[in-house]
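Geometric and topological summary
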Amino acid sequence: MDCLILVLSLFTVFNSVHSVFGFLPSFESTRGRPDFTHARITEDGIYKAVADVIIEKVKPGTYHTNSHTDKVKEYFKSDNLGFLHFEKVVEYIVDRVNLAQRQYGTDASRTMNCEQILSGNLLLQSLKFRIIQTSQAPSTDWGPVRGLLGEYLFTIQEFYSNTNWVEMFGNVSCRELGTKDQLPLKISTEKEATCFSCNYSKDALLASSCARNLVQNRQLTSGYTSDQNIVKPFQNFPADTGKCSPPLRKDIPATIKSDPGLSPHYHLHQTAGQAAVQATYDVMVGKDTGLLSIIGLDKTLSLLGMDYKNPCYSCLSPSLSVVFVIDDTGSMSQEILETSTRSISIVNQAQTSTAPFNYILSTFNDPETSLFVTTSGEEMKKQLQSLRANGGGDCPEMALHGMINAMKIAQPGSCVFFFTDADAKDPELLPDVIQLINTRGLRLLQFLRGNCSSPASSGGSHHLTRRSAFNNHDVQCIPNEKTSNRHAGRRKRNSRSVFEKIALDTFAHTIHTSHSTIGDTFGQIIQQNMHIQTLGVNSFDMVGDAQSFPVDPCLSLFTVKLEGYGCSNVALVRPDGSNQAFAGKSSKDIIDGKTTILSVHSPSSGMWQIKNLDKKHCHVTISGSGSIDFTYKIMEDIRGLKYPISGTSPVAAHFSELSVSVKGIPTNFTMRTNITEIYLKKSDGQLISSLLVTDSSGGTTRSVFTEVTLLEPFYIGIKGMIGSETMTREDQHIVTPMRGTIEFVPSSDQLLYNQKITVSVRVTNAGISQQTFELSATDTEGFLTDATKQVTLSGNQTKTVDFHLIAIPNATHTKLTVTLGIEGAISKIEKYLMVAAVNPPEIRVTNRSENCEKENMNTYNCSHQNWEADISVFFSANMTGLYSVSSEVTFTYQQDSRDKNKYLATVKGNCCTYQTSVTAVDSAGNRKTVPINFSGETKFTIGINGRSKRTNKRKLQSKSSSFTPWIAIGSGIAAAVALGAAVLAVKKYKSLQNKVDSDFPDIISDQMQNSNSNSDKNRRKIFTSF
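The present account deals with the structure reproduced in this document. (Residues numbered from 1 in each chain as written. Predicted model: local features only at pLDDT ≥ 70, side-chain atom pairs only at ≥ 80, totals over all residues. Heavy atoms only, no water.)

Observations regarding the overall build of the protein
- What the protein contains, in helices and strands, is 24 helices and 41 strands.
- Taking all 1026 residues of the protein together, 54% fall into the buried category.
- Restricting the contact set of the protein to residue pairs at least 6 apart, pairs at least 24 apart contribute 75%.
- Only carbon and sulfur atoms are counted for the fraction: they give 49% of the accessible area of the protein, which is about 43,900 Å². (Helix = DSSP H or I, 4+ residues; strand = E, 2+ residues; numbered from the N terminus. Buried < 20%, exposed > 50% of the residue type's maximum accessible area, 1.4 Å probe, protein only. Contact = heavy atoms within 4.5 Å. Areas by Shrake-Rupley, 256 points an atom, 1.4 Å probe, with all protein chains shown as cover.)

Set out below in structure tokens:
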């Protein structure tokens, strides 16, 4: 017993950073080492599965590469948008795996630690059932399924790091895990020793002191940790043996500093990673048990993001017109300005890809209309820039005349962008407009603003500010699929406005805007529908007469936008010292008195210069088209590991890590590309900080990171070198740090039809002074019963805030968004909530004995006091599992003779196992776990009153450190024997896969049998074995 105390002490000291996790979440936690992480394993497994599906099912053929990743890229070679969608789906699944590790990393069933392999397997089966069930739902939202898949993959990958499977079978995956009740090996009981004691100091581990510390009994086991609230069995084991205290994990954890720590079986890290990749592959496409076999090819492709169809209609094509219909009365100056500004992006895009058939500009007021048609993008820009808002007198305008003039000559299928702030004065033309839209297949998008009204044909009054059933706040673009609006709204037809009637009888869409939102809204629409991809390149405030900026070889176009009065008198100087001429494809557009845009196609690389001839104060934004872009994540430290922040805003004045992924680096470059720094800027372009990074990798994608303390609003840029040329890219979205955090309280509870369910969020004041936070919540299905909350917290105080939802029948899920706000800064979190088709099991403790006495909460006295609890379990669906898997407890149950859906259970133990849990699983895939704790909040200690026998500890320490040549020889012999045993084990496992049932008893099936008084003794024997 005393020798085991030493192992516990060594384990506790060594594992002070993070003691629970197997594989680390992502490369950010490895400090740049090329380890297997959950992110890498998930990506490798999915790419491997998708490559095989492509070759065997989707597009058989010859792929000139052996790399699974390259095969997938070759498949998507001509579909860049499809590949970007696939990458985002894989990234989302990886994020869900990491979220599962963050939320459930201290749950032994989820990590397979503390010999909770049986409960982990049952959990996996329950999750897989829900994945399959949710996949069959008619909804096209795959977010909930991908979230469940992330949870499933986390646990199945942990199995290979934290159990002794790899020690016996190498990189072979366990096909039965998560798919069958019975595993191919028995799980070690609490009475069986699983490890020999070993020296767990860092130097000893480097000398492989614990590489062969497993008892070879061909049983599955895993190590016990103090973090997971399961008491390690205390038995009279043979000398120098016992349960494994250090986990059997194969990760290579990094401490907070640069020194790497080591896991006891770190030498098997590569083997464990390979097994986990294969297991991830098997989850997707494994024979008979993979999702491909169960849910079919089409749904598997959808789940993995392989069926991407651009949701946005392509408005820019040689066969289509680009049409603007604009109310040019005096109040429409902002719309005219934004249309003029955005048209530059459209023309630039047309010049770099494919120009439209023609451009059409139709204007209207009262009583005049005008029409301009051209095939020249430059002429269209000039016409828009010369357009002036004037007149307007009475409110209604000749809107339908303006529509008809343009629609008559527009190419069939063209997009029509319509802007007005007034009702139509010519409603009698409504049938003609509707007929033109439908017969010519036109895609009309109506931007409406204002509060004027006019008599309609029915004699009523219509207000444009009324939010109609056709106003979609979530319209991101003109959709590819035509969706009928005939079901929208309940008001009578004659009470609708003219524009509502157009939407009712066509596939038109309507967006209500304002002066402040029209620019961003219209900009986003044309970016999606014109496929305009813009790179942020640089930005700064220009206060002198000249400013230099780099243009790299990867830019095919750049634009310089100058904002400020008097900023039009500028010159652009090329790297060779000559002035840039604005002719042909290069242009200078003066939008109004304070906006000037310079566009240069196929620019020379090198340092360019802007000359501000009038020396005015100008804000300069440089963007462009081409390759090389980046995304970033803001990471935070949780128990020594790096995870993406909870919410959308980082914590002010706290250390954060910026992790940047650079993509699109050309492979045909002879010049080396290297990322050298990450920098932060204020909203005005002023530099906050420049942080050097190390980029030692090659390839088309790079990952770099750095630590920083964030104090004020910022946006992020990167800087690098392409050969001798400087490259910069920026994401000019402003991020505002806030002195507060928000996260969901982990819960596996599902929503129930017509029942109020509580979802909790944890709010923390990260500042030192009292603050009041505003919380608001929305969900996609309208289940919320309380949408706003307010909470006042003292410095560093945390409080749980509850929101309540009632699920409406037939809905399968909802997405809940909770926003935390304070002093203009906000942070959002999102979560999918599933709706259970039937109520999950309900577990009630009906009677229990007293808590353990304080004097019995230690290893020497704990066996002196017994405890017992009576439990009632209610099932709405058929019971498929009812168990307690804690060590040294007796668990029995039987079906209630008067109620077939009710089970009566008893759990017994002593204070050596002062806490346990009871889990119920039903045939609908619902799983409910209730903890049972008899500690009375008294801490369990090693020894009496926390003291242990130091003499024996010193004796064992001396023994373990006396390493001699004879021990080395013995270890070598033992290693040879172990290697032979491992080879035989692998061969035997492969031969046993099809006859497991005959070689090993079905533990789970035995457990699930209904109990009676005659079998109580057998049941007790079964359940005390976990």
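Now that the structure is up, let's keep going.
Points about the state of the cysteines
- If you walk through the whole model with that rule in mind, you get seven disulfides.
- The disulfide partner of Cys567 is Cys618, and the gap between their sulfur atoms is 2.0 Å. Judged by the sign of its S-S torsion, about -105°, the bond between Cys567 and Cys618 is left-handed. With Cys567 in the loop between strand 13 (555-563) and strand 14 (570-573) and Cys618 in strand 18 (residues 618-626), this residue pair connects regions lying 51 residues apart in the sequence. Here Cys567 and Cys618 have matching classes, each one buried.
- Across a sulfur-sulfur distance of 1.8 Å, Cys862 and Cys912 are joined as a disulfide pair. Looking along the S-S bond of the Cys862-Cys912 disulfide, the torsion reads about 80°, which is the right-handed sense. With Cys862 in the loop between strand 35 (842-848) and strand 36 (866-874) and Cys912 in the loop between strand 39 (902-910) and strand 40 (915-922), this residue pair connects regions lying 50 residues apart in the sequence. Each member of the pair, Cys862 as well as Cys912, carries the same accessibility label: buried. (Disulfide = S-S within 2.5 Å.)

Examining the sheet that holds strand 19 (residues 629-638)
- Across the sheet, four strands lie side by side as 20-19-21-24; this open sheet has antiparallel pairing. Bordering the open sheet on either side are strand 20 (641-644) and strand 24 (702-709), each of which pairs with just one other strand. Neighbour-to-neighbour, the strand axes of this sheet turn through a mean angle of 35°, independent of strand direction.
- Strand direction decides the pairing type here: strand 21 (residues 655-663) and strand 24, joined by eight bridges, are antiparallel. Paired with Phe655 across the two strands is Thr709, which belongs to strand 24.
- Against the sheet, helix 5 (residues 80-104) engages strand 19, strand 20 and strand 21, with an angle of about 130° to strand 20. (Pairing = 2+ DSSP bridges. Axes fitted to C-alpha atoms, helices over the stretch in contact; angles between N-to-C directions.)

Thoughts on the packing of aromatic side chains
- Per the stated rule, a full pass over the model turns up 24 aromatic pairs.
- Summarising the aromatic geometry, the rings of Tyr75 and Phe76 are spaced 5.0 Å apart at their centres and angled 75° between planes, so their arrangement reads as edge-to-face. Across this residue pair, the class does not change: Tyr75 and Phe76 are buried.
- When the centroid spacing of 5.7 Å and the interplanar angle of 45° are considered together, the rings of Phe76 and Phe83 count as tilted.
- Residue Phe83 is classed as buried on the basis of its relative accessible area, which comes to 12%.
- Site record: aromatic cluster; members linked through ring pairs are Tyr47, Tyr75, Phe76, Phe83 and Phe86. (Phe/Tyr/Trp six-rings, centres within 6.5 Å; stacked < 30°, edge-to-face > 60°.)

So, the packing of helix 3 (residues 38-58) against helix 11 (residues 269-285)
- Put simply, helix 3 and helix 11 touch, their axes get as near as 8 Å, and they point 45° apart. Relative to helix 11, the element helix 3 is oriented oblique. Two packed elements cross with a definite hand, and for helix 3 against helix 11 that hand is right-handed. Contacts between helix 3 and helix 11 pair Ile41, Thr42, Asp44, Gly45, Ile46, Lys48, Ala49, Asp52 and Val53 from the former with Gly273, Ala276, Val277, Gln278, Thr280, Tyr281, Met284 and Val285 from the latter.
- When its residues are assigned to classes, the contact of helix 3 with helix 11 shows nine nonpolar, five polar and three charged. (Parallel < 35°, antiparallel > 145°, perpendicular 65-115°, else oblique. Left-handed = near helix turned anticlockwise from the far one by under 90°. Nonpolar A, V, L, I, M, F, W, Y, C, P; charged D, E, K, R; others polar.)

What about a nonpolar patch on the surface?
- On the surface, a cluster of nonpolar side chains totalling about 220 Å² of accessible area is made up of Leu371, Val373 and Ile409.
- The residue Val373 is located in strand 5 (residues 369-374) in this model.
- Residue Val373 is classed as partly exposed on the basis of its relative accessible area, which comes to 39%. (Patch = residues over 30% accessible without salt bridge, like charges linked within 9 Å, V, L, I, M, F, W, Y side chains within 5 Å. Salt bridge = Lys/Arg side-chain N within 4 Å of Asp/Glu carboxyl O.)

Observations regarding the pattern of salt bridges
- Enumeration over the complete set of coordinates arrives at 27 salt bridges.
- Among the ionic contacts, a cluster of salt bridges with common partners joins Arg102, Glu636, Glu743 and Arg762.

Here we look at the side chain of Glu151
- You can see Glu151 is positioned in helix 8 (residues 143-162).
- Among the residues examined, Glu151 registers a relative accessible area of 18% and is labelled buried.
- Beyond its immediate chain neighbours, meaning those up to four positions away, Glu151 contacts Ala100, Tyr104, Arg110 and Leu127.

Description of helix 11
- The terminal C-alpha atoms of helix 11 lie 24 Å apart, and with 17 residues this matches the ideal 24 Å at 1.5 Å per residue to within 8%.
- Of all the 17 residues making up helix 11, 14 are buried; the element is thus mostly covered by neighbouring parts of the structure. (Expected span 1.5 Å × (residues − 1).)

Details of unusual backbone geometry
- Each neighbour pair has its own omega, and for Asp366 with Pro367 the value is 10°, a cis peptide bond.
- Note on placement: Pro367 falls in the loop between strand 4 (358-364) and strand 5.

A word on the pairing of strand 30 (residues 771-779)
- By the alternation rule, side chains of strand 30 split into Gln771, Phe773, Leu775, Ala777 and Asp779, which are all buried, and Thr772, Glu774, Ser776 and Thr778, of which none is buried.
- Here six bridges tie strand 30 to strand 31 (residues 788-793), and the two strands are oriented antiparallel to one another. For Glu774, the partnering residue across the bridge sits in strand 31 and is Gln790.
- Here strand 30 runs beside strand 33 (residues 813-822); their pairing, made up of six bridges, is antiparallel. What sits directly across from Glu774, in strand 33, is Gly821.

Points about the sheet that holds strand 7 (residues 443-448)
- The sheet built from six strands is open, its strands ordered 5-4-3-6-7-10 with mixed pairing. Both edges of this open sheet fall to strand 5 and strand 10 (509-512), since each of them pairs with a single strand only. For this sheet the average axis-to-axis angle between neighbouring strands, irrespective of direction, equals 15°.
- Judged from the five bridges that link them, strand 3 (residues 321-327) and strand 6 (residues 415-420) form a sheet pairing that is parallel. When the sheet's bridge partners are listed, Val322 is paired in strand 6 with Cys415.

Looking at helix 15 (residues 377-386)
- Those residues of helix 15 that sit buried are Gly377, Glu378, Met380, Lys381, Leu384 and Gln385. The arc that holds every buried residue of helix 15, seen down its axis, measures 160°, which confines them to one face.
- With a side-chain oxygen positioned 3.4 Å from the backbone nitrogen of Glu378, the residue opening helix 15 is Ser376. (Arc of directions from axis to C-beta. Polar contact = N/O pair within 3.5 Å; in protein donor to acceptor, adjacent residues only side chain to side chain.)

Some words on the environment of Leu123
- By the element assignment, Leu123 lies in helix 7 (residues 117-135).
- Judged by its relative accessible area of 3%, Leu123 is buried.
- With 796 residues separating them in the primary sequence, Leu123 and Thr919 have C-alpha atoms 9.8 Å apart.

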